Amino acid sequence: MFAILLMAPTVVWTLIVLVYPIAITLRNSVHNIGTGFDPHPSFIGLANYAALFQDSDFWQAVRVTVEFTVGNLVGSFGFGLLTALLLQHRFWGRAAARAILLLPWAMPQVAAVVIWKWLLQTQYGAANYILWRVHLSATPNIPWLSQPKLALYAVLFATVWWQYPIATTFLQAGIQSVSLDLYEAAGIDGANAWQRFRHVTWPGLEPVRNILLLMLLFWSLGQVIIIWAMTAGGPARATQTLAILVYTRAFSDFQFGSASALATIVLAVSLTIGLLYYRLVMRTEPVG
Amino acid sequence: MPAWGVARSVLLYGGVALACLVVGFPIYWMAASALEPGSLFNFPPSFFPLQPAWSNFTQIFTINPLAHWLANSLFVAAGTMVCAVALSVHAAYGMSRLRTRPVVALGFLMLIGQMIPVTVLTIPFYIVFRSLHLLDTLSGIVIATTTFTVPLCLWMLKGFFDGVPRELDEAALTDGCTRLGSLYRVVLPAALPGVVAAATFGFMTGWNEFFFASIFLSTETKWVGTVGLVTYMGQYFVQWSALMATAFVISLVPAVLFLRTQRYMMAGITQGAVKT
C-alpha cells in the first residue's frame, strides 16, 4: 500500500504527460484535422491510415528507418563490443582510454552533429582530406551531406559515434559478470583467445546482449535530434525516418491527422517491441 | 610464450590507440578548429592551430546571446534534475521494497517514456502546452524533458536501493522513524552513488535537450544552448571557427560533469537496465 503511495506522484505525472497525449494522438488519427486549430474536426474513420499505406513518403520512410536501425545496431554494438573487449584488459593508461572512449556520449547530440558536419564538409572537411591522402577516395571533395546515397552514412557516423559508448558500458558490465572460474577453466583446457571469446564471453553476455540490442532498437527508432539537426530528413528524403516524418507531417505540412495516424503506427511498433523486452527481462530475473 | 606476450601487448596497445584515435579525433578537431583564426576555409586543413586565436572564445559571446543561452540551459538542466530525482527517488524506493508483479509491471509501464520517439508526442504536447500557456517557457521544457528522464532514473535508483539491505530501514522503523524518514535518513545516504548517478543523468539530459526546445521556444533570449548552436549552424555565412568554439563551450559542462561522476553513472545505467 505504502509502495503504491510512493509511486503515485510518478505514475500520475506519467499519466498526465504521457498517456493523455497518447490518447489525443489516437483521437486525432481518426479525424480530418489540418493544423489542430479547428475545434470540431470531422470523424473520418481509418482514412488517414489508408492514405498512409498508399503514400510513397511513408514507404520511403519505412525503408530509411530499417536501414538506419540496422546501421546503428551493427555500428554501435560492434564498436561497443570491440572497445569493451579492449577495456577488460589491464594496461597502462586504461583510465584515460576509458574516459576518451566514453566521452562522445556525454556531449550534447547537437554538438556531435556540428562536429561531424564540419569533419564531413565537402570542400574543407578533414575527413575528405584524410581519405584522399591515403588514397581511399579518388576525389578530395566527397559531397557527404548533399548526396542522397551518402547522407545516411554521414548521419550514421555521427549517431554511432555518439551512441556506441552506452553499448561499451553495458557490455563491459556483462563481461565483468562472467565468472572468472570459467576463464580459468578455459585456460587450463588450452583455449585460445578466440575460443575463450566464442565459448565463454559470448554465451555469458547473453542477457546483457539481448537487453542492449532492444534498447538500441528503441533508440534507433526514436533517434530524432541527430538526424533533424544534421539533415532534417534530406536530401530528397534520403534520411527521413518514420520518427522524422511524423514531425514534418505535422509541422511542415500541417497535417495533424495524418501525422497522428503515423505516430500511432510508430507507437504500436515501439510498444510491441517493448512488450518483447518486458517478457525477456521477466524471464531472465524472476520476481521475488 | 614471451614472444606471444609481446605480440599480445602490441595488439592490445595498437587496438586501444587506434580506437582512441578514431573516437577522440572529432573532439580534438573541434577544439583545434575552435582556435583557428579566420574562416577555416583552407585546404588542406591545418591540423594544429599554430597561432591559436583565443579571442574566438570571447567573440562568440558577442556574436550570439550565448551567456543567455547558457543560463537557460542551466535552468532547464537543474530543473530537470530536481524534478526527475524527486519523482523517481520515491517511486524507486517503493519498487525496490515492494516487489510484487503489479508494482514491477507499473515500473515497466513507466519505461514507455524511453521507448517511444519524441516526435510522436510533439503534437499533443504542442496542443496541451498551448492551452496551458507553457509554449515559449523554460518550465514547459523542464516538464517535457522530465517525462523522458524519469524512467531511466527510476530504474537506476531502484538498482541501487536493492543493494541497500532491508534490515537497515527496518532498524530505522523500530527506532521510531516513519517510512519516509527511513528513506531520507537511512536509505538515501546509503545509496548516495545512485542518487549522484540519477542526478547527473537528469542534469545531462536537461542540458542536452534540443527537440522540444527547438519547437516550443520562439524568443531568441529564451533559447537554450543546443537550440542556439543549431540555429547558428544554419545561418548562411557560418564562421566555422566560431561555431566550433560555441560547440566546445556548450559541450564542456556535461563533459566535465560526466568525467567527474563517470563511475557512478556507468554503474547506475547498467544496474537500471540489466537487473530487475
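Sequence order sets the numbering: in each chain, residues are counted from 1 along the sequence as written. Note on labels: chains are lettered from A, ligands numbered from 1, in written order. Restriction of local features to residues with pLDDT of at least 70 applies here, the model being predicted, together with a cutoff of 80 or more for giving and counting side-chain atom pairs; totals for whole chains, interfaces and linings are based on all residues.

A. Layout of the overall build of chain A. Helices and strands together make up the secondary structure of chain A, namely 13 helices and two strands. Considered along the principal axes of its C-alpha atoms, chain A spans approximately 75 × 65 × 30 Å. Within chain A, the proportion of its 288 residues that are buried is 44%. By the convention adopted here, residues are in contact when the distance between their C-beta atoms, placed from the backbone, does not exceed 7 Å. Sequence separation of 24 or more characterises 68% of the internal contacts of chain A that already satisfy a separation of 6 or more. In this description a helix means any DSSP run of H or I spanning at least four residues, a strand means any run of E spanning at least two, and both kinds are numbered starting from the N terminus. Any residue whose C-beta has 12 or fewer other C-beta atoms within 10 Å is treated as exposed, any with 20 or more as buried, and any in between as partly exposed, C-beta atoms being built from the backbone.

B. Quick peek at helix α4 (residues 94-106) of chain A. All names here are of chain A. Helix length check: α4 (13 residues) gives 19 Å between terminal C-alpha atoms against 18 Å at 1.5 Å per residue, within 8%. In this scheme, the bend at a residue equals the angle between the axes fitted to the seven residues that finish there and the seven that begin there. The largest bend in α4 is about 25°, located at I100, with the proline P104 one to four residues further on. Among the residues making up α4, those that are buried are A97, R98, L101, L102, P104, W105 and A106. For a helix, the expected span equals 1.5 Å multiplied by the number of residues minus one.

C. The environment of A:S260, seen in detail. In this structure, A:S260 sits in helix α13 (residues 256-284). Residue classification places A:S260 among the buried residues on the basis of 28 C-beta atoms within 10 Å. Residues A:S260 and A:V30, spaced 230 residues apart in sequence, show a C-alpha to C-alpha distance of 8.4 Å. With sequence-adjacent residues up to four places away left out, A:S260 is seen in contact with A:T25, A:N28, A:S29 and B:I123.

D. Inspection of the interface of chain A and chain B at higher detail. Contacts between the two partners involve 76 residues from chain A and, on the opposite side, 84 residues from chain B. No other element matches the 15 residues that helix α1 (residues 2-29) of chain A contributes to the side of chain A that touches chain B. Polar here means any residue other than Ala, Val, Leu, Ile, Met, Phe, Trp, Tyr, Cys and Pro, which are nonpolar, and Asp, Glu, Lys and Arg, which are charged; Gly is therefore polar. Its residues assigned to classes, the side of chain A that touches chain B comprises 59 nonpolar, 15 polar and two charged.

E. Spotlight on helix α6 (residues 126-133) of chain A. Looking at α6(A), one finds that the buried residues are A:A126, A:A127 and A:N128. Positive backbone phi, at 60°, marks A:H135, one or two positions downstream of α6(A).

F. Local environment of the nonpolar core. In terms of nonpolar packing, the biggest core is built from 167 residues, with A:A158 and A:V246 touching the most fellow members. When near neighbours in sequence (up to four residues on either side) are disregarded, A:V246 contacts A:A259, A:L262, A:A263, A:V266, B:T119 and B:V120. Linking buried Ala, Val, Leu, Ile, Met, Phe, Trp, Tyr and Cys residues through C-beta atoms within 7 Å yields a set, and such a set is a nonpolar core.

G. Representation of the confidence of the model for chain B in the model. All names here are of chain B. pLDDT is defined as a per-residue confidence score from the predictor, taking values between 0 and 100. Looking at chain B, the pLDDT average stands at 86 and 95% of residues meet or exceed 70. Confidence scores differ between elements of chain B, with helix α5 (residues 112-115) showing the lowest mean pLDDT of 74 and helix α3 (residues 66-97) the highest of 93. Taken together, the chains of this predicted complex give a pTM of 0.91 and an interface ipTM of 0.89.

H. Representation of the packing of helix α12 (residues 242-251) of chain A against helix α6 (residues 118-131) of chain B within the structure. In the contact formed by α12(A) and α6(B), the axes pass within 7 Å of each other and the chain directions differ by 25°. Regarding the angle of α12(A) to α6(B), the classification is roughly parallel. Residues A:A243, A:I244, A:V246, A:Y247 and A:A250 of α12(A) lie in contact with α6(B), whose contacting residues are B:T119, B:V120, B:T122 and B:I123. Here the contact of α12(A) with α6(B) is built from residues that sort into seven nonpolar, two polar and no charged. Only the stretch in contact is used when fitting a helix axis, every axis being a line fitted to C-alpha atoms; angles between N-to-C directions are given from 0 to 180 degrees. Our angle categories are set so that under 35 degrees counts as roughly parallel, over 145 as roughly antiparallel, 65 to 115 as roughly perpendicular, and the remainder as oblique.

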